[in-house]
Amino acid sequence: MPSRKFADGEVVRGRWPGSSLYYEVEILSHDSTSQLYTVKYKDGTELELKENDIKPLTSFRQRKGGSTSSSPSRRRGSRSRSRSRSPGRPPKSARRSASASHQANIKEARREVEVKLTPLILKPFGNSISRYNGEPEHTERNDIPHKNTQEKFNLSQESSYISTQYSLRPRREEVKLKEIDSKEEKFIAKELAVRTFEVTPIRAKDLEFGGVPGVFLIMFGLPVFLFLLLLMCKQKDPSLLNFPPPLPALYELWETRVFGVYLLWFLIQVLFYLLPIGKVVEGTPLIDGRRLKYRLNGFYAFILTSAVIGTSLFQGVEFHYVYSHFLQFALGATVFCVVLSVYLYMRSLKAPRNDLSPASSGNAVYDFFIGRELNPRIGTFDLKYFCELRPGLIGWVVINLVMLLAEMKIQDRAIPSLAMILVNSFQLLYVVDALWNEEALLTTMDIIHDGFGFMLAFGDLVWVPFIYSFQAFYLVSHPNEVSWPMASLIIVLKLCGYVIFRGANSQKNAFRKNPSDPKLAHLKTIHTSMGKHLLVSGWWGFVRHPNYLGDLIMALAWSLPCGFNHILPYFYVIYFTMLLVHREARDEYHCKKKYGMAWEKYCQRVPYRIFPYIY
Ligand SMILES: NC(=O)c1ccc[n+]([C@@H]2O[C@H](COP(=O)([O-])OP(=O)(O)OC[C@H]3O[C@@H](n4cnc5c(N)ncnc54)[C@H](OP(=O)(O)O)[C@@H]3O)[C@@H](O)[C@H]2O)c1
Ligand SMILES: CC(C)CCC[C@@H](C)[C@H]1CC[C@H]2C3=C(CC[C@]12C)[C@@]1(C)CC[C@H](O)C(C)(C)[C@@H]1CC3
């Protein structure tokens, strides 16, 4: 068995990829198969390095003491020392007086290479999406310091040791600036991509959702909970104090015809997804710098689905069938999701390492849940992207319509209740908004970070359509008359939530797409060592997740039309608060890792996460 040279926790010097600079790093772990060390730089960046790229601290001290090593770096070091009058070099005395480790690093870097910093033009990518179908590309002008300006080698505290916005190169290399700039642009872009999306093996303590026992519980608990909830809601008195009804036997719930209808629905959505209509855009760069292409036709799929549903209604298709077999549909969707998850896991075993999700861990149970492969595709058909917005989200609106029709039939109404109209129109607005702004999905954690496994398959295909339609389902058997003044208040609440939700999401998306957008010129930002900026005023200066706040206010407005007789219709608000608090914590963890000190500065300036003055 090959032995390892460095132990976990050891502080050593790690080479910054692509450069000859070494920085102080801590060894986090070692993968005996790939022979790679996972190391952590002082700014929080975690990378995998080969043993050759790691040096013990002592080897540097030796050279400092005037060893006669003839290594290339050493040679460069002596060259640089001979140029003691270089403007980039501080006087000797200043160098000698430095005692802090940060200073030592800077000195070490100076010995390694005589460097010249050339600010680079970085095309906006990170979370921005570039169009490739003929539309002009925006450049991140706000982020671009003046080109060709030579700056002193000055490593700011915030960027810890190296700001990836700058390139470092030996002065002796006499290459034309233009050539270097274009080469560096490519290198830095690739390096940034790697830095952001590097797949680092996750240690057991880093597993999210309570690790293996947690995800095991979620996978078995959630489907059971879903059926209990639906059964409770069907009861005459859906009080929590009542005993939950017993779960029916599986054979009672399984209906092949229902499953056939579900498959038909799924295939229709696949067909709409494959239609060559709508703009094609590129997603965020993957670990290897590639960008996948996505067709944005979700809104068209929604229009076409509405046309199909409208025609079917006109033809007299019995939509009540969905209501009367609601549990059977939920089971059909769950079975489909389990089969899909098994397929996704099996195919991921053959996927190349670069295609794996940064969230995957190497543990089979955990990876089955979180998803091993980041973007499973069959040809150009992207399974995760498709499932995230189409069958479940559009299905939710169709189920709401089914509930509206069921209410009229069961309660013998000529028109639906005001409560049902409010719930239907609020949630319709939410879904249409998501489909209209489909492009924004490409920058979410689900697409960039999480794999496609049971979590998203179940969330997208079962949880969203069958739980998010819960208020409408509740109103079918538990009517609630809403007065007009009350309805007006609820509408105002919904609109407030929507303005915050849409305002925050649009502001961030517009900023990420083009930080020099004149409409955003009034906003304050802070610079990060990744080269990107963070908004610290406007919606994002109010709380750190204003979009979650808006979403939660809207969630409350969806439940209020159900009245106050039972807590059950408020289940969505409770669950959603838990989901977003947990999601916020996950995002915070990733941002801290990505942006280091800059994120901490942002947290100081904007101390509340979701609820101002509360949390
Ligand atoms: N209905 C549901 O069940 C449900 C579930 C989940 C989410 N959602 C909704 O989906 C939407 C998207 O949510 P999301 O969870 O994907 O997260 P998000 O809040 O849209 O995005 C978080 C990302 O935004 C960037 N960011 C954070 N602070 C910033 C700042 N001050 N300035 C600029 N960029 C900043 C960071 O990424 P970069 O810096 O890399 O750009 C961060 O990782 C939200 O509106 C949410 O409410 C709904
Ligand atoms: C453990 C499980 C119950 C967790 C299930 C989580 C999912 C239900 C959510 C995870 C990501 C969510 C999401 C939306 C819906 C709910 C999820 C699939 C979303 C499609 C809702 C509309 C938004 O506008 C959105 C497109 C930004 C959003 C994307 C994320």
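Calculation criteria
- Residues numbered from 1 in each chain as written.
- Chains lettered and ligands numbered in written order.
- Predicted model: local features only at pLDDT ≥ 70, side-chain atom pairs only at ≥ 80, totals over all residues.
- Heavy atoms only, no water.
- UniProt positions renumbered as here; feature names shortened; annotations may be inferred.
- Helix = DSSP H or I, 4+ residues; strand = E, 2+ residues; numbered from the N terminus.
- Buried < 20%, exposed > 50% of the residue type's maximum accessible area, 1.4 Å probe, protein only.
- Contact = heavy atoms within 4.5 Å.
- Pairing = 2+ DSSP bridges.
- Near = heavy atom within 4 Å.
- Areas by Shrake-Rupley, 256 points an atom, 1.4 Å probe, with all protein chains shown as cover.
- Nonpolar A, V, L, I, M, F, W, Y, C, P; charged D, E, K, R; others polar.
- Phe/Tyr/Trp six-rings, centres within 6.5 Å; stacked < 30°, edge-to-face > 60°.
- Lys NZ or Arg CZ within 6 Å of the ring centre and 35° of its normal.
- Axes fitted to C-alpha atoms, helices over the stretch in contact; angles between N-to-C directions.
- Disulfide = S-S within 2.5 Å.
- Patch = residues over 30% accessible without salt bridge, like charges linked within 9 Å, V, L, I, M, F, W, Y side chains within 5 Å.
- Salt bridge = Lys/Arg side-chain N within 4 Å of Asp/Glu carboxyl O.
- Core = buried A, V, L, I, M, F, W, Y, C linked by side-chain atoms within 4.5 Å.
- Polar contact = N/O pair within 3.5 Å; in protein donor to acceptor, adjacent residues only side chain to side chain.
- Expected span 1.5 Å × (residues − 1).

You'll find the protein chain entered in an unreviewed UniProt entry as Delta(14)-sterol reductase LBR, with Piliocolobus tephrosceles given as the organism. Here is the UniProt Subunit (unreviewed entry) comment for the protein chain, exactly as written: "Interacts with CBX5. Interacts with DNA. Interaction with DNA is sequence independent with higher affinity for supercoiled and relaxed circular DNA than linear DNA. Interacts with lamin B. Interacts with CLNK. Interacts with TMEM147; promoting LBR localization to the nucleus inner membrane." Listed under Pathway (unreviewed entry) in UniProt, the entry text for the protein chain is "Steroid biosynthesis; cholesterol biosynthesis."

## Digging into the overall build of the protein chain
Along the backbone of the protein chain there are 22 helices and 13 strands. The 615 residues of the protein chain split such that 55% are buried. Sequence-distant contacts, at least 24 apart, represent 74% of the contacts inside the protein chain between residues at least 6 apart.

## Notes on the pairing of strand β3 (residues 36-41)
Taking burial as the measure, the six residues of β3 include five buried ones, the bulk of the element. Across six bridges, the pairing between strand β2 (residues 22-31) and β3 is antiparallel. Across the sheet, H30 pairs through a bridge with Y37, a residue of β3.

## Side note on the site of ligand 2
The environment of ligand 2 is formed by 14 residues, the closest being L222, E388, A434, D446 and D460. Contact with the protein chains covers 85% of the free accessible surface of ligand 2, which is 640 Å². Only α13 (383-389), α15 (418-436), α17 (454-467) and α21 (571-595) provide two or more residues apiece to the shell around ligand 2. Here the element with the most residues in the shell around ligand 2 is α17; it accounts for four residues. Partitioned by chemical class, the residues of the shell around ligand 2 number nine nonpolar, one polar and four charged.

## Examining the packing of aromatic side chains
Throughout the structure, instances matching the rule amount to 43 aromatic pairs. Ring centres of F225 and F571 lie 5.4 Å apart, and the angle between their planes is 55°; on these two criteria the pair is classed as tilted. Within this pair, whereas F225 is found in helix α6 (residues 211-234), its partner F571 is found in helix α21, the two being separated by 346 residues in sequence. Given the relative accessible area of 15%, F571 is considered buried. Here R257 stacks its cationic end above the ring of Y321, 4.9 Å away from the centre of that ring.

## Regarding the sheet that holds strand β4 (residues 46-50)
The strand order across the open sheet built from five strands is β4-β3-β2-β1-β5, with neighbouring strands paired in antiparallel fashion. Looking at strand neighbours, the two that pair on one side only are β4 and β5 (54-56), the edges of this open sheet. When strand polarity is set aside, the average angle formed by the axes of neighbouring strands in this sheet is 50°.

## Regarding the environment of L263
Mapping L263 onto the fold places it in helix α8 (residues 256-274). By relative accessible area, which is 31% here, L263 ends up partly exposed. A C-alpha to C-alpha distance of 41 Å links L263 and L489, two positions 226 residues apart in sequence.

## Quick notes on the state of the cysteines
A covalent bond between the sulfur atoms of two cysteines is what we call a disulfide. In the structure shown here, the tally under the stated rule is zero disulfides. Counting only cysteine sulfurs, C562 is the nearest neighbor of C233, a cysteine outside any disulfide, at a range of 8.7 Å. Classification of C233 by relative accessible area gives buried; the value is 0%. Unpaired in this structure, C387 has its nearest cysteine sulfur neighbour in C337, at a distance of 9.3 Å.

## Quick look at the UniProt feature "transmembrane region" (unreviewed entry) in the protein chain
In the UniProt entry, the feature "transmembrane region" (unreviewed entry) is given for residues 212-232, 258-275, 296-314, 326-346, 414-432, 452-476, 482-501 and 552-576. Strand forms 0% of residues 212-232 and helix 100%; the C-alpha atoms that close the span are 30 Å apart. Taken end to end, residues 258-275 is 94% helix and 0% strand, and its first and last C-alpha atoms sit 26 Å apart.

## A short note on a nonpolar patch on the surface
A surface patch of nonpolar side chains, amounting to about 410 Å² of accessible area, comprises L240, I567, I574 and M578. Structurally, the position occupied by L240 is in the loop between α6 and α7 (250-253).

## Observations regarding the nonpolar core
Nonpolar side chains in soluble globular proteins tend to end up buried together. L226, M403 and F466 are the most contacted members of the largest nonpolar core, which totals 119 residues. With near-sequence residues (within four places) excluded, F466 lies in contact with L226, L230, F326, F329, A330, A333, I399 and L461. Grouped together as the second largest cluster of nonpolar side chains are 17 residues, L520, L523, L534 and Y602 included.

## Looking at the pattern of salt bridges
Under the criterion given, the structure shown has 15 salt bridges. Taking the shortest distance from any N to any O, the salt bridge between E318 and K409 comes out at 3.9 Å. Of this pair, E318 sits in the loop between α9 (298-314) and α10 (320-324) while K409 is found in helix α14 (residues 391-410), placing the two residues 91 residues apart along the sequence. Across the pair R544 and E588 runs a salt bridge, and its minimum N-O distance is 2.9 Å. Residue R544 is found in the loop between β13 (533-535) and α20 (546-559), and its partner E588 is found in helix α21; the two are separated by 44 residues along the sequence. Accessibility assignment for this pair places R544 and E588 in one class, buried. Each of E208, D450 and R586 takes part in a single network of salt bridges with overlapping partners.

## Digging into the side chain of E373
Mapped onto the secondary structure, E373 falls in the loop between α12 (364-370) and β10 (377-378). In this structure E373 comes out as buried when scored by relative accessible area, which is 7%. Side chain to side chain, E373 and R347 meet in a polar contact 3.1 Å long. Residues contacting E373, with those up to four places away along its chain left out, are R347, S348, A351, D355, L356, S357, G451 and F452.

## A few points about α15
Along its 19 residues, α15 runs 26 Å from first to last C-alpha, staying within 8% of the 27 Å computed at 1.5 Å per residue. Within the span of α15, buried status applies to L418, A419, M420, L422, V423, N424, F426, Q427, Y430, V431, D433 and L435. Here the buried face of α15 lies against α9, α13, α14, α18 (470-477), α19 (484-513) and α20.

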